Every structure is written in C-alpha cells, then in structure tokens.
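As a plain string of letters, each chain reads:
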Amino acid sequence: MEVKTSLLDNMIGVGDMVLIEPLSEDTFIENLRKRFEHNEIYTYIGSVVISMNPYKSLPIYTAEKVEEYRNRNFYELSPHIYALADEAYRSLRDQDKDQCILITGESGAGKTEASKFVMSYVAAVCGKGQEVNKVKEQLLQSNPVLEAFGNAKTVRNDNSSRFGKYMDIEFDFKGDPLGGVISNYLLEKSRVVKQPRGERNFHIFYQLLSGASDDTLKKLKLDRDFSKYNYLSLDSATVNGLDDAACFRTVRNAMQIVGFMEDEVQSVLELVAAVLKLGNLEFKPESRCNGFDESRIKDKNGEYLKEMCELLGIEQSVLERAFSFRTVEAKMEKVSTTLNVAQAYYARDALAKNLYSRLFSWLVNRINESIKAQTKSRKKVMGVLDIYGFEIFEDNSFEQFIINYCNEKLQQIFIELTLREEQEEYIREGIEWTNIEYFNNAIICDLIENNKNGILAMLDEECLRPGTVTDETFLDKLNTVCAEHQHFESRQSKNSKFLTDHSLPHNCFRIQHYAGKVLYRVEGFVDKNNDLLYRDLSQAMYKANHSLIKILFPEGNPAKVNLKRPLTAGFQFRASVGTLMKNLLTKNPNYIRCIKPNDKKAAHIFTDSLVCHQVRYLGLMENVRVRRAGYAFRQAYEPCLERYKMLCKQTWPHWKGPAREGVEVLLKNLQVPAEEFAYGRSKIFIRNPRTLFFLEEKRRQCLEDLATLIQKIYRGWKCRTHFLLLKKSQVVVAAWYRRFAQQKKYQNIRSSALVVQSYIRGWKVRREYRKFFRANAGKKIYDFTIQRIMQKYFMGLKKTMPSMSPVDKSWPARPYGFLDGMHQELRRIFHLWRCKKYRSQFTEEKKATYEEKLAASELFKDKKALYPSSVGQPFKGDYVEITKNPKYQKLNSLVEDKVLLADVVSKINRANGKVRTISSPRIFLLTKKSLVLADQKTGQVKASVPLLDLSSVSVSTQSDGFFALKLKEGSTSAAKGDFLLSSDRLIEIITKLHRIGAASAERNQINIDISDEFLVQFKQDKVCVKFIPGTPKNGNGVACKRKNNRLLEVSVPSP
Ligand SMILES: Nc1ncnc2c1ncn2[C@@H]1O[C@H](COP(=O)(O)OP(=O)(O)OP(=O)(O)O)[C@@H](O)[C@H]1O
Ligand SMILES: [Mg+2]
C-alpha cells in the first residue's frame, strides 16, 4: 500500500486551495472539477474542508480508512473529512478544547451525510465498552428518528433536512462519549399543509402508511392509501430508491434504541395520524343572523373529525366550535367572533403545523432526555452544526430570509474566527501580523438583526402594531427605515437608484448578502412571523385526554392564561441564532463547506455555473484570500526538514542539530529569497505557493535520483546476497554431494569388500566343507566305488593270479571294460616280474643254457621246422661224456679248449650224398676256437676246423637235421670242401656255434643261412643242396641223394 507522508504527495490538482497559482475563480473551479473527476471530493482551504457531493457511494469510508486517518496529522494524508474529524477529536481529547464542526452548503450538497460521517468517525475512534457503546448507539440512532420527522423529499434533495440541527456531543476527560444535546432550528412546518410541486410531505407520513402493520393502521384509524389524505402530495408520493416501509421499521427500531417507550411511540403515531385527518377536514359557510358567514365542518368530513377526536381524546364539539369561533381576550373582556371559511382553513392548517412542529420539538427533547449525559462533572463538547445553507430561489420568502440571516451570522463568525485564529497563530509563532483586507459582513447582519432598525425588529414592530397590518405596510416601513443602507435595495425606497430597476418588483426588497443579492417577496412575512394559533384551538388541544397533546399545548391551560402576544417566529429565531453564535464562539471551529456539483442529483456531472455560484456564496475565495494574505503555507520545522532534507548536502541524510536550524541551512542553500519565508517559533511560513512548488519540484527530482540510487544499491545488495547465497548453497550442495559421493564410494568399497570377503570366506568354507557337499558326493562315491572296484579287482586278481610260470599264458578275465588298459599292463608287468623272478632263480649254468635256448629261438624260431622239437630238449652240450668216456680221453686231451659241445653227428658223403649215420658217425666237438670232427668209434680226429675258417652255416627250413658248415675260401680247412652234416641236435649245435662267433671279438660273426637251397663247396664242385618234401620210402627218414655234380637232393618227409 502506498504510504503517504504529506498531502503534497501525488496530488490531483492541488489538495489545498491555498496553493493554487494563480488564484482566480476559474482556477479554483478548475481545481475542484479536476479533483471531482478523479473522485477526490475533498479539498482543503487551510483547515477548512470543501466537500463535493459525489452522488455515488465511494469506498472512502471504510474501517481501513478510519484506521488510516486515525492519529495522523491534518496535512499528512490526502484531504478527507476524517482528517478534520480526527483533528477536532484529538484536540478536544488532548488539548481540552471544545470543538464545533460547522457544516454548511446548499440543499443537497451533502451536509447531513457529512455530519453522519463525522459522528461515525468519532464513534469509531473514541473509547469502547458496554456503556460507551450504548451511548454511541443512541447518539447515532437519533439520526433516523429526526430524519423521518424532519426530512422530506424536495426538488433539490430526496432526503432534505427541513430543520436546522445542532448537536453537542459530550465527552469525559478520556474522550469517551457521555451523551449529547440536540438543538433544532426552524422546522419548515408549512410543508405539513402544503408542498411545492414535485416535493413530498415529511417522510414519516409516507413511512407510517407504507410500513405500519394493518393492526397499527386500524388502531390509528388510517387507510393504507396516500390519496385519501389531502396533506399528502400525490405526484411524488414515492421516491426512487427509497423504501418507506423499510425506513419505518428502521425508525421504529431506532426509537426503541434511543429509549422511547411503546406508549410514547404510539402517542407519536397518533399525533401523526391526527395531522393527516386534520388535513381532511373541510369547511362550508353557514349564514348567521348577524349577516356574517360562519364556517362549519362539512358533513361528509364529520367522520374524520370524529376519528381524530377519538384518537386524541378530544371532545368533538369543543374542536368543532374552535373551528367556528374565535375568542379574543383583552384585559378582563372576552369577545367571541365567528370564523369564516377562510379563517377556519387557516386555523386548521395552523393547528396542523403547530401540532406537527411541536411534536417534532417534543421528539428532540425526548431524544435529548435519553441521550443526555448522566454525569454532572465537566464535559468536553463537540458540536456538529448541520444547518441549511444560503438559499437564493426565484421566489424567496420569510423562510429564506431567516435562513440567509443565519448564514450571514455563520459567515461572520467564520471570518472572525479564521482571522482570529490566523492572527493568534502569527502571534504564537512570533511573526509580524500584516493587516488583511477582507469584507466584513457585520453590516449586513446589522441590517437584519439590529434591535432598533433592523429588518426583523421592523417586522416585529409591524406585527405588534395595532391597526391594519399587511405585508405592504411592512415593506413601506422598510423602505423608509432601511433606504439608506448600502445593502438594502427596494423599488420604492427613497434611494432613487432603484426607481427604474425593473429587476426589482414592487412587492419585493433585495438584500446584498455577502454571498450575493437575494430578492425577497414580502407576501406572508407578517403572517409567518406571527405564526398565529387561535387560543381556542390551543385550549381545545390542552383539554384533550391525551398525555402528549397536553404537553404540546401548555398555553392552552386556562389556569395560565397569558394575554401577552406570543413571541414572533423572527424573534425566536434571532434569539436562538444568537445563543447558537455565542455557543459557537466559545468553541474551536472546524468548517466543512459542502458543494453540490449539479442539479440533477447525478454522479459525474460537474456544472461550472452551479459550482461557481456556490463557491461565491460560501465565500470560499474570500476564505482563500484570508488564508493567503500573510503566508500561504506553514509547516512545523520537523516535518518540513524531514520532507526536504534531501535537497541539501548538510541536511542529508541526517541533520544533527535542531530542526529549525536545519531548515535555515536548507533554505539558504537553496537560495530561496528571504522575503519568501519567515521563521516562526515552531513553524516555517512560506509566503507564496510557488516557493513551495519550487521545493516540491526539487524534491521530486531529487527523489528520482535517490530512487535510482536506492534501486542501484538495492539491486547490488540483492545480487550480492543472492550470489553469496548461491555460493553458500553451492558449498553446502558440494559438501553434501562430496559426502554423498564418498559415502557412496565407501559403501561401494565396503560392499565390494564384503562381497570379496564373503566369496573368500565362502570359498574357504566351501573348500573346507567341499567334502560334505552334495556336488562332491558323486566324485567321492565315484572315487569310493572305483576304489572299491579296484580293491575288489585287486583282491580278485590276487586270488586268481596265474602261476609263476613264465610260459603260463593264462590271465584272469578283466571284470570291467575300463580296466582294460591297466589289466593288460598289469598282465605285462606281472609277466615281466614273473620272468624276472623266474630268471632270478637261475644258476649261471642254467642261465647260460637258457641264453643258448634264447639264441636258438632268435635264430630258428619260425624259420626252421625242426626248431619246435628242440625247445623241450635241454642243451646238455656233452652228449658223449667226453671227459668221462675213456674212449674219448685222447680226443679230449687233443682239444685244448674246453669242449662246449660233444655229440655224434652224421656226415653226408660228399660223393654220393649218402648219409653216414652208422657208417660214418662222427663225434662233433666244439670249442671256443675250433670244431673237431672225430670218429665215433675211435675218437680219431678226422677234421679240425678253426672257427676262424668258418664263414657260414646253411640249414634248410624243414625238420631235417642237415647243416652245411661253409669254410672260407682259401683257408686250410677248405681243401676238402665244406662239411655237410646232419644231427638231431642241429638247433643246439648251430646255436652254440653262432654264440661263439658272437662272443669272440676277433672272429666275424658266423652267418646262419636258412634256406631250402644253398650251395656247398665239395672239393672243386659247387653243389646245390636242395631240400624237397619227400615221400617216406624208406620209413620216416630223410633221404639224401646226389643227383649230379651239381645237385644234391634231400627229401624231407613232411611232418
Ligand atoms: N459523501 C457522500 N457520498 C455519497 N453520497 C453522498 C455524499 N454526500 C451526499 N450524498 C448524496 O447526496 C444526498 C444529499 O445529501 P444530504 O442529505 O447530506 O444533503 P444536505 O446538504 O443535508 O441537504 P439539505 O440541506 O437538503 O438537508 C444524499 O442523500 C446522498 O445520496
Ligand atoms: Mg440535510
């Protein structure tokens, strides 16, 4: 929300008319218009508030607004009626100064509304509490009651106050309301009997007929029909936007709150009904014997009279008589004269008006009784005056005269008080007072109220004068007495100036009021001033059996007959205005000047001429001039320095010394001419508004710079704090993030370590317990089974082992296929082992035998058919027992070496090929070095062949025992040729022969040639020995036969 510190902030036009430059009526009105168009309806003239009627509800009277204006200085905020109310209330409460708020303006300008705003503001800001609230409520609720009875719709205002009202609100020392006193002025009672075109009677009549219940109307003997009542104008009986029925309920409620008893309310309503009925009485003339006409109530109206009398408890005949006769009492005499019809009507209307106006006064008194302060202690008072403003109509009568007189008086005290206040302020502030030229309207007041020759005094004189008194005689009197007065104008005055002034009719006089000239028509002045009510009528009223009526007509009491003429209306009014003025003069005045912007009761229309007219008669220009005469603007030093201190380096941003010195430095620095200001004790006075505007303009420029500076610094600060915040946040975020990242990393590592650990542990445990695992069971079982199988296999093998014989070929069958390799291997190993074992038991001798056997096998196995038969024969070597047999002793001794073999062999005859088995058996001896053939019988050596001469041995493949010992050619042994021998032990012989060759180093290996055809050298011949399969002619023996030189056939029987 915008925070204001001065009225000068964001002004539309100027908020204070004193500041208008240049000052003229046009600029004044232009300023009002401008502000009005922006809904700124309030404008100041110094401390006076000008209020324009917006004719629409504005949102400026809210509780928030009340708070805004509460306890704020007058010029701190934009102009508002609340500022004035607050100022008045605070100076009443805090400075003990009684206040009065004077609200003036023409009809419809908003006076009554303004007075209500003031009252509601004060009610809102003053103390609270049950008792206080009750008082406030009663004070506020007095308004609807008074408005119902005292307001009416007029052409100018739908809710026009037809009476002047002054209300004193009383407060205790704390500022809490205690009660109030209301004074009313000059109710426009003529309205009761007659309303101008387009206007209505007082609201209460319409409200009663519209809003009262049927029951109430019945009791009051009324019909819910406006047209039945003569006093009610019909052409504007209903007002737009006004709900009479609802208003009636409001009024009833308000009366109850204010403290009216039920019977009092009833009495009041009865009186209102009585007035309506009175209006329906009509009269007819009735000729009397004395020749005069006497008025009589028309028969058809008898009913109304009856009802009225019943309502008021009056004897019908008494009232009837009062409308026909009039008793005039002079000293001891009583003269009764008849009333003609016109007089009867006059009397009726006079009664109605009196009845109503007295009822209204009673209401005011009754309200006063309720709201009066209960304490006798000293009270502070705030008076609110809501009085009709200056009236200038086309046709102005006694009422306008009275009203305008009242306004003259108010203007007078306004000028007086304003000047006085201004002067007092100057003195207070120690500033030299310059005399102000202004128009003093005391002279006009004097014209009206002067006791000797004032217009009111003349009127009274005329009224009291015996003889024929008419309005014309009154005018004549004025023409003579006031002719010379510079503010009085009349056609027939002695002042020749106006003789030819056609704007001035003959039956009129004109007064130059302070607010303009007003032409008054004298017609009715005398009557209205007299305000005559025939005594018979007041006595008839007094006789009424009705508590309220009796009180209203005390002069009707025959016991207190007052023969003096009653006081004239003019006189009464002058007296009450006098009292009012005295009252006001004791108080501190606050002015609200109401202006209506147009005649159409419309929002948004601003009629220049109308406003101009009001500005003139309210004397507003005068007001501004007075205010500006000395110094246009003043302000306490502190707020002044506070407002403008930025315009000077010394005072900005802080001034350490007293505010006044600060302001002095400031103005000096700004080079404001000395005559433009004056230093008061607590205020600086500025002569011309333009100086103020100069300061304001400078301030505005400076504020722009300052705003930029503030903006700059603020932006810098904002950015910096934002940056620092970001930085700080970033650090926090980073820290958190790092923490988070490290945490995460740690958790990762930890969980990884745990995983690794668990794997290792698992692995360890698994390794330890693998054996127990089901997965390993198979292998275990397998191993076990295999083990068992092997065990069984080995056990079985042990049992079924074959013999230790190396030739034993048997081997148990393998139990399982998969053991095949091993089974064979075992067999092989076993066999090797068995052989080894077998061999290990061999003696050297046996070993040699076997070696021979082995050699034999290598040489002949599968090569010679004889071989198998040799296997079983032990190689004895010495088959002839050479050493033992004495026959061979010689032979033995001949052989140097040890005989390795000695056997008997058959020598084949080289010549015929005959086998010398028996014939020529030979002993075959073999030693290491030679072989010897000896005769078996004799032991004579036949041949000895050194082994070195032996080149090879040939044998057949067959089962024969033939073998040829081939000698090396050229050797000594070879002379006779090769030996062809046969032996059953061929295998042994050849083997041993072969072994000797192999073992000897110096000898070549003897070749063994196994073939069925080989050549042998017989002497010179090379004979082919051929083995053929033979038929066993000669038994089973081998047959050998030399075929020719070259061929020797050996037939060998096939086995
Ligand atoms: N401040 C306001 N805001 C809104 N409407 C307003 C304001 N002041 C006056 N009015 C309107 O103008 C009408 C006339 O105002 P108000 O009755 O106060 O005039 P007045 O000066 O008292 O006239 P009179 O002299 O006839 O009593 C009100 O009924 C209301 O509709
Ligand atoms: Mg009013």
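Residues numbered from 1 in each chain as written. Chains lettered and ligands numbered in written order. Predicted model: local features only at pLDDT ≥ 70, side-chain atom pairs only at ≥ 80, totals over all residues. Heavy atoms only, no water.

The name given to the protein in an unreviewed UniProt entry is Unconventional myosin-Ib, and the organism recorded there is Cyprinus carpio. Here is the UniProt Sequence similarities (unreviewed entry) comment for the protein, exactly as written: "Belongs to the TRAFAC class myosin-kinesin ATPase superfamily. Myosin family." Of the protein, the UniProt comment under Function (unreviewed entry) reads exactly: "Motor protein that may participate in process critical to neuronal development and function such as cell migration, neurite outgrowth and vesicular transport." (UniProt positions renumbered as here; feature names shortened; annotations may be inferred.)

Asks: So what exactly am I meant to see when it comes to the overall build of the protein here?
Replies: Along its length, the protein carries 32 helices and 31 strands. The C-alpha radius of gyration computed for the protein amounts to 84 Å, which surpasses the reference 31 Å derived for 1055 residues by more than 25%, pointing to a less compact arrangement than a globule. In terms of overall dimensions, the protein has a C-alpha envelope of 250 × 80 × 55 Å along the principal axes. Buried residues in the protein amount to 49% of all 1055 residues. Long-range pairs, those at least 24 residues apart, make up 64% of the contacts in the protein between residues at least 6 apart in sequence. When the accessible surface of the protein is summed, it comes to about 53200 Å², and 53% of that surface belongs to carbon and sulfur atoms. (Helix = DSSP H or I, 4+ residues; strand = E, 2+ residues; numbered from the N terminus. Rg over C-alpha atoms; globule rule 2.2 N^0.38 Å. Buried < 20%, exposed > 50% of the residue type's maximum accessible area, 1.4 Å probe, protein only. Contact = heavy atoms within 4.5 Å. Areas by Shrake-Rupley, 256 points an atom, 1.4 Å probe, with all protein chains shown as cover.)

Asks: Just checking my understanding: could you explain empty space enclosed by the protein for this structure?
Replies: A water-sized probe, rolled over the atoms, reveals where empty space remains. All chains considered together, the criterion is met by six cavities of 30 Å³ or more. Its boundaries defined by the atoms lining it, the largest cavity holds a volume of some 80 Å³. M119, V122, A123, C126, K136, L139, L140, I169, F171 and P177 are the residues that line the largest cavity. Listing elements by their share of the lining of the largest cavity, those giving two or more residues are α4 (111-125), α5 (130-150) and β6 (164-171). Within the lining of the largest cavity, the residues separate by chemical class into nine nonpolar, no polar and one charged. (1 Å grid on protein atoms, 1.4 Å probe; cavity = no way out; pocket = protein on both sides within 12 Å on 5 of 7 lines; lining within 4 Å. Points joined across faces, edges and corners; volume = space filled by probe spheres on them. Nonpolar A, V, L, I, M, F, W, Y, C, P; charged D, E, K, R; others polar.)

Asks: How do you make sense of the state of the cysteines when you look at a structure like this?
Replies: In a disulfide, the sulfur atoms of two cysteines are covalently bonded to one another. What the rule picks out here adds up to zero disulfides. C594 takes part in no disulfide bond, and the closest cysteine sulfur to it belongs to C406, at a distance of 15 Å. (Disulfide = S-S within 2.5 Å.)

Asks: When you look at the coordination of the magnesium ion (ligand 2) in this model, what are you seeing that I'm missing?
Replies: In an ideal octahedron of six donors the angles at the metal are 90 or 180 degrees, and in an ideal tetrahedron of four donors they are 109.5 degrees. Distances from the magnesium ion (ligand 2) to its protein donors, T112 (OG1) and S161 (OG), fall within 1.8 to 2.1 Å. Of this pair, T112 sits in helix α4 while S161 is found in strand β5 (residues 160-161), placing the two residues 49 residues apart along the sequence. (Donors = N, O, S within 2.8 Å, 3.2 Å for Na, K, Ca; no water.)

Asks: Just to check I follow, could you spell out the sheet that holds strand β13 (residues 488-490) for this structure?
Replies: Each strand in a sheet pairs with another by means of backbone hydrogen bonds, the pair being arranged parallel or else antiparallel. Taken in spatial order, the three strands make up an open sheet running β13-β14-β15, and their pairing is antiparallel. Looking at strand neighbours, the two that pair on one side only are β13 and β15 (516-521), the edges of this open sheet. Strand after strand, the sheet turns through a mean of 25° between neighbouring axes, direction not considered. Pairing of strand β14 (residues 508-513) with β15, which is carried by six bridges, proceeds in the antiparallel orientation. Bridged to R510 within β15 is L519. Helix-sheet contacts for helix α17 (residues 471-481) involve β13 and β14, and the interaxial angle to β14 is about 45°. (Pairing = 2+ DSSP bridges. Axes fitted to C-alpha atoms, helices over the stretch in contact; angles between N-to-C directions.)

Asks: How should the side chain of S324 be read in this particular structure?
Replies: Its location among the elements puts S324 in the loop between α12 (316-322) and β10 (325-330). Residue S324 is classed as buried on the basis of its relative accessible area, which comes to 3%. Those residues in contact with S324 that lie beyond four places of it in its chain are E294, S295, R296, T337, T338 and L339.

Asks: Looking at this structure, how should I read a nonpolar patch on the surface?
Replies: Judged by side-chain polarity, I710, Y714 and W717 come together as a nonpolar surface patch covering roughly 350 Å² of accessible area. For I710, the position within the fold is in helix α26 (residues 689-769). (Patch = residues over 30% accessible without salt bridge, like charges linked within 9 Å, V, L, I, M, F, W, Y side chains within 5 Å. Salt bridge = Lys/Arg side-chain N within 4 Å of Asp/Glu carboxyl O.)

Asks: Could you clarify how one ought to interpret the packing of α5 against helix α7 (residues 203-211) in this entry?
Replies: A packed helix pair is summarised by two numbers, namely the angle formed by the two axes and the spacing between the axes. Where α5 meets α7, the closest approach of the two axes is 5 Å, and the angle between their N-to-C directions is 100°. In terms of orientation, α5 and α7 fall into the roughly perpendicular class. On α7, the residues that touch E147, A148 and F149 of α5 are H203, I204 and Q207. By residue class, the composition of the contact of α5 with α7 is three nonpolar, two polar and one charged. (Parallel < 35°, antiparallel > 145°, perpendicular 65-115°, else oblique.)

Asks: Which parts of the structure should I look at to understand the site of ligand 1?
Replies: With respect to spatial proximity, 18 residues lie near ligand 1, and among them S107, G108, K111, T112 and S160 are the closest. Here an oxygen atom of ligand 1 and a side-chain polar atom of N53 are 2.7 Å apart. Taking K111, its side chain carries an N or O atom lying 2.5 Å from an oxygen atom of ligand 1. For ligand 1, the accessible surface in isolation is 620 Å², of which the surrounding protein chains cover 86%. (Near = heavy atom within 4 Å. Polar contact = N/O pair within 3.5 Å; in protein donor to acceptor, adjacent residues only side chain to side chain.)

Asks: What am I meant to see in the UniProt feature "binding site: ATP" (unreviewed entry) in the protein here?
Replies: When the UniProt feature table is mapped to this numbering, "binding site: ATP" (unreviewed entry) covers G105, E106, S107, G108, A109, G110, K111 and T112. Its location among the elements puts G110 in the loop between β3 (99-105) and α4. On the accessibility criterion, G110 (17% relative accessible area) is buried. Look past the residues within four positions of G110 in its chain and what remains in contact with it is N53 and C594. Not counting the four nearest positions on each side in its chain, T112 is found in contact with E147, S161 and D386. A polar contact of 2.8 Å, which involves the side chain of T112, links it to the side chain of S161.

Asks: I'm lost on the nonpolar core in this one. Help?
Replies: For soluble globular proteins, nonpolar side chains are generally found buried alongside one another. Ranked by size, the top nonpolar core spans 214 residues in total, and within it F149, F205, L319 and F509 carry the most contacts. When residues of this core are assigned to their parent elements, the largest contribution, 15 residues, is made by helix α13 (residues 341-371). Once residues lying within four places of it in the same chain are set aside, the contact partners of F149 are F202, I204, V268, V272, Y356, L359, F360 and L363. Core analysis: the next-biggest nonpolar cluster, separate from the first, contains 31 residues, Y867, V953, A974 and L981 among them. (Core = buried A, V, L, I, M, F, W, Y, C linked by side-chain atoms within 4.5 Å.)

Asks: Got a minute to help me understand helix α29 (residues 844-860) in this structure?
Replies: Along its 17 residues, α29 runs 24 Å from first to last C-alpha, staying within 8% of the 24 Å computed at 1.5 Å per residue. Among all positions of α29, only E852, K853, A855, A856, S857, L859 and F860 are buried. Buried residues along α29 sit against α30 (867-871), β24 (950-955), α32 (986-999) and β27 (1007-1010). (Expected span 1.5 Å × (residues − 1).)

Asks: I keep staring at helix α1 (residues 25-37) and nothing clicks. Help me out?
Replies: In an α-helix there are 3.6 residues to a turn, and that puts residues three or four apart on one side. Helix length check: α1 (13 residues) gives 18 Å between terminal C-alpha atoms against 18 Å at 1.5 Å per residue, within 8%. Along α1, the residues classified as buried are F28, I29, N31, L32, R35 and F36. One side of α1 carries all its buried residues, which in axial view fall inside an arc of 155°. Here the buried face of α1 lies against β1 (42-45), β2 (48-52), β16 (588-595), α22 (608-617) and α23 (620-629). N39, located one to two residues past α1, shows a positive phi value of around 60°. (Arc of directions from axis to C-beta.)

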